[in-house]
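Next come the chains, spelled out residue by residue.
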Amino acid sequence: MSQITICLIICLITITGFLLNKYTLGTTAMLGLALFFITGILDAPTVLGLFSNATAVLIVAMFVISSGFTKTQFVKNIAAFISKVAKGSFTKVMAGYIIAAIIMCQLIGSNLIPFSILAPLMTETFNEMGYKPSKYIYALGIACIITCVTLPLGGGAATFAQMNGYLESNGAVQRMTILDPMISRLPLLIIMGIYCIFFAPKFCPDEPVVATENMDLEKVAGRAMNAKPLSQFQEVAGYSIFFGTTLCLIFSKYIPFPTWFICFVGALLMVLTRVLSAKEAVNAMPWGVYFLYVGSIGMATALSNTGAGEMVGRILAQLAGGTQSSILLYSVFFLVPYIATQFMYNMTTMMILYPIVIQTCMALGANPIGPVIVTQAAAFSAILTPVATGTVPYFMGIGGYDQKTILKMGALPTLICFLVTVIWNSIAFPLF
């Protein structure tokens, strides 16, 4: 049996494991990595090198830095400010909470935690105005999901490095800058923000369609809502380290240190200044994300080394008919992950499709930078089923929406996400 065949079988086993969801994503990714080593597809130095991958270190460090930031009063203050001043007309209240949600989703690097913080405050404000959650909670939910980690702040600052890891492991020569993901997704952030404020509520039912559920949002919000105030020094340190690290990443080409070391120092400073205790820092490290990333990079490396990825990419390129239409290709690169994410977790979709997208671009002679970002944008735009991301079942429960209502409300934002992403990226990141 050839190495290409063995590689494809292991990839199929790993992807099936992701879909069955019997074990955590990280565990399944590690199983695939073990099989690649046992079968000789990847040697020992390569496997060990994956665990010390610079991007993996950067991701872990950025989670620690973001965790320290959530201990500051920034999140609580901005939520309280919105609750206090954003009263009056329905539209003004919507604007306050949607803008706050977009800001928080950039700083915290999560869509569920900002939603969990703002949803109870939003509900309290609108209850006083006589509106049911079914009228507004959907807009908050999709704003959090679609706009998450668009700007190079917090977790979003690591996006370019993570994608470069996939480009490198798949043999692509192109590399993206820290601002490329923002350039690609910023128009959608702006347009969806406007849609959620002014238009989304018009398509939402005045009354719940099904019985609402009491969702335990306080548990999800966790430390961001329940943390004890830091000392003045620690509060200032938390802000300074978070935003200072982001600025250093943006201007990293002028700094004589690699990006992973910049993030490592930022995480270390969070502990040295006691913004985080050593235990809190360890607990903040996303081991599941780390193992998933290491395993998926291992899969990408195996596909590249054996030529299996090139073969798959060549087959898909032939199916595309050798077209050089950026609009057509971007449409495919958006629709495939968007549809797939309706049936499996968005992280799973991205891990599976990144190598395929890159290899297809290489076979076509296309620049893979735009398509890789569009794959992420599409997965983050999936809002039609409760499987796509954890926030969907929460806003379905709070708003009293059934699946039919979600599909009805999601038709227009889906079309907007598709058109804006495809048309803009065809202009900003031409494939040929």
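Residues numbered from 1 in each chain as written. Predicted model: local features only at pLDDT ≥ 70, side-chain atom pairs only at ≥ 80, totals over all residues. Heavy atoms only, no water.

Participant: Please clarify how the overall build of the chain should be interpreted in this entry.
Facilitator: Along its length, the chain carries 22 helices and zero strands. Relative to a compact globule of 432 residues, whose C-alpha radius of gyration would be 22 Å, the chain shows 22 Å and is just as compact. Its C-alpha atoms give the chain principal-axis dimensions of about 70 × 50 × 40 Å. When burial is assessed residue by residue, the chain has 56% of its 432 residues classed as buried. For the chain, long-range pairs separated by at least 24 residues make up 82% of all intrachain contacts whose partners lie at least 6 apart in sequence. Split by element, the accessible area of the chain, about 17,900 Å² in all, is 68% carbon and sulfur. In the chain, 20 positive and 14 negative side-chain charges are present, and the distance between their average locations comes to 3 Å. (Helix = DSSP H or I, 4+ residues; strand = E, 2+ residues; numbered from the N terminus. Rg over C-alpha atoms; globule rule 2.2 N^0.38 Å. Buried < 20%, exposed > 50% of the residue type's maximum accessible area, 1.4 Å probe, protein only. Contact = heavy atoms within 4.5 Å. Areas by Shrake-Rupley, 256 points an atom, 1.4 Å probe, with all protein chains shown as cover. Lys, Arg positive; Asp, Glu negative; His and termini not counted. Charge placed at Lys NZ, Arg CZ, Asp CG, Glu CD.)

Participant: Any chance you could explain the side chain of N425 here in plain terms?
Facilitator: Summarising the element assignment, N425 is placed in helix α22 (residues 403-428). Look at N425 and you get buried, because its relative accessible area is 0%. At 2.7 Å, the side chain of N425 and the backbone oxygen of T421 are in polar contact. (Polar contact = N/O pair within 3.5 Å; in protein donor to acceptor, adjacent residues only side chain to side chain.)

Participant: Is there a simple way to explain the packing of helix α10 (residues 180-198) against helix α20 (residues 369-380) in this structure?
Facilitator: When two helices pack together, their arrangement is given by the angle between the helix axes and by the axis-to-axis distance. Running from N to C, α10 and α20 point in directions that differ by 50°, and their axes come no closer than 10 Å. Our classification of the angle between α10 and α20 gives oblique. Crossing hand, α10 versus α20: right-handed. Mapping the contact onto sequence places D180, P181, S184 and R185 in α10 and I369, I373, Q376, A377 and F380 in α20. In the contact of α10 with α20, the residues fall into five nonpolar, two polar and two charged. (Axes fitted to C-alpha atoms, helices over the stretch in contact; angles between N-to-C directions. Parallel < 35°, antiparallel > 145°, perpendicular 65-115°, else oblique. Left-handed = near helix turned anticlockwise from the far one by under 90°. Nonpolar A, V, L, I, M, F, W, Y, C, P; charged D, E, K, R; others polar.)

Participant: Which parts of the structure should I look at to understand the pattern of salt bridges?
Facilitator: Close approach of charged atoms lets side chains of opposite charge pair. One pass over the full model with this rule turns up three salt bridges. A salt bridge links K132 to E207; the shortest N-O distance between them is 2.8 Å. In this pair, K132 is assigned in the loop between α7 (112-129) and α8 (137-147) and E207 in the loop between α10 and α11 (217-221), connecting sequence segments 75 residues apart. Note on E207: relative accessible area 47%, which makes it partly exposed. D206 is the partner of K135 in a salt bridge, and the nearest nitrogen-oxygen pair spans 3.1 Å. One end of the pair, K135, is in the loop between α7 and α8; the other, D206, is in the loop between α10 and α11, with 71 residues separating them in the sequence. Using a relative accessible area of 52% as the deciding quantity, one classes D206 as exposed. (Salt bridge = Lys/Arg side-chain N within 4 Å of Asp/Glu carboxyl O.)

Participant: Please clarify how the nonpolar core should be interpreted in this entry.
Facilitator: Within soluble globular proteins, side chains that are nonpolar generally end up buried alongside one another. Core analysis: the largest hydrophobic core is formed by 139 residues, its most contacted members being I137 and F395. At 12 residues, helix α6 (residues 90-108) tops the list of elements feeding residues into this core. In contact with F395, not counting residues within four places along its chain, are F115, I137, Y138, G141, I142, I145, Y401 and I406. (Core = buried A, V, L, I, M, F, W, Y, C linked by side-chain atoms within 4.5 Å.)

Participant: Would you explain unusual backbone geometry in this entry?
Facilitator: Backbone phi values are negative for most residues with the exception of glycine, while trans is the configuration of most peptide bonds. With a phi angle near 45°, V149 is a residue other than glycine that sits in the positive phi range. Tracing the sequence through the fold places V149 in the loop between α8 and α9 (159-169). What makes V149 buried here is its relative accessible area of 10%.

Participant: Please explain the packing of aromatic side chains as it appears in this structure.
Facilitator: To describe a pair of aromatic rings, you give the distance between the ring centres and the angle between the ring planes. Scanning all chains against the criterion turns up 25 aromatic pairs. Where F257 meets F261, the ring centres are 5.4 Å apart and the plane angle is 35°; that geometry is what we call tilted. Its relative accessible area of 47% is what places F257 among the partly exposed residues. (Phe/Tyr/Trp six-rings, centres within 6.5 Å; stacked < 30°, edge-to-face > 60°.)

Participant: Looking at this model, I keep getting lost on helix α18 (residues 326-341). Mind explaining?
Facilitator: In an α-helix, one turn spans 3.6 residues, which is why side chains three or four residues apart end up on the same side. End to end, α18 covers 23 Å across 16 residues, agreeing with the expected 22 Å (1.5 Å per residue, within 8%). Among the residues of α18, those classed as buried are S326, L329, Y330, S331, F333, F334, P337, Y338 and T341. As for α18, its buried residues are in contact with α19 (346-364), α20 and α22. (Expected span 1.5 Å × (residues − 1).)

Participant: Hey, could you run me through helix α21 (residues 391-399) in this one?
Facilitator: Of all nine residues in α21, eight are buried; the element is thus mostly enclosed. Inspection of α21 places T391, V392, Y394, F395, M396, G397, I398 and G399 among the buried residues, and these make up the whole buried set. The positive-phi residue at the C-terminal boundary of α21 is G400, with phi of around 70°.

Participant: Looking at this structure, I do not really get the packing of α8 against α22. What am I missing?
Facilitator: Following both chains from N to C, one finds α8 and α22 inclined at 40°, their axes separated by 12 Å at the closest point. Comparing the axis directions of α8 and α22 gives the class oblique. Regarding α8 and α22, the two cross each other, and that crossing is right-handed. Each of Y138, I142 and I146 in α8 lies in contact with α22, whose residues at this interface are I406, M409, G410, P413 and C417. Its residues placed into classes, the contact of α8 with α22 shows seven nonpolar, one polar and no charged.

Participant: Quick question: what am I supposed to make of the environment of P371 here?
Facilitator: Within the fold, P371 resides in helix α20. For P371 and G109, which are 262 residues apart along the polypeptide, the C-alpha to C-alpha distance reads 22 Å. When sequence neighbours within four positions are dropped, the list of residues in contact with P371 reads Y330, F333, V357, C361 and L431.

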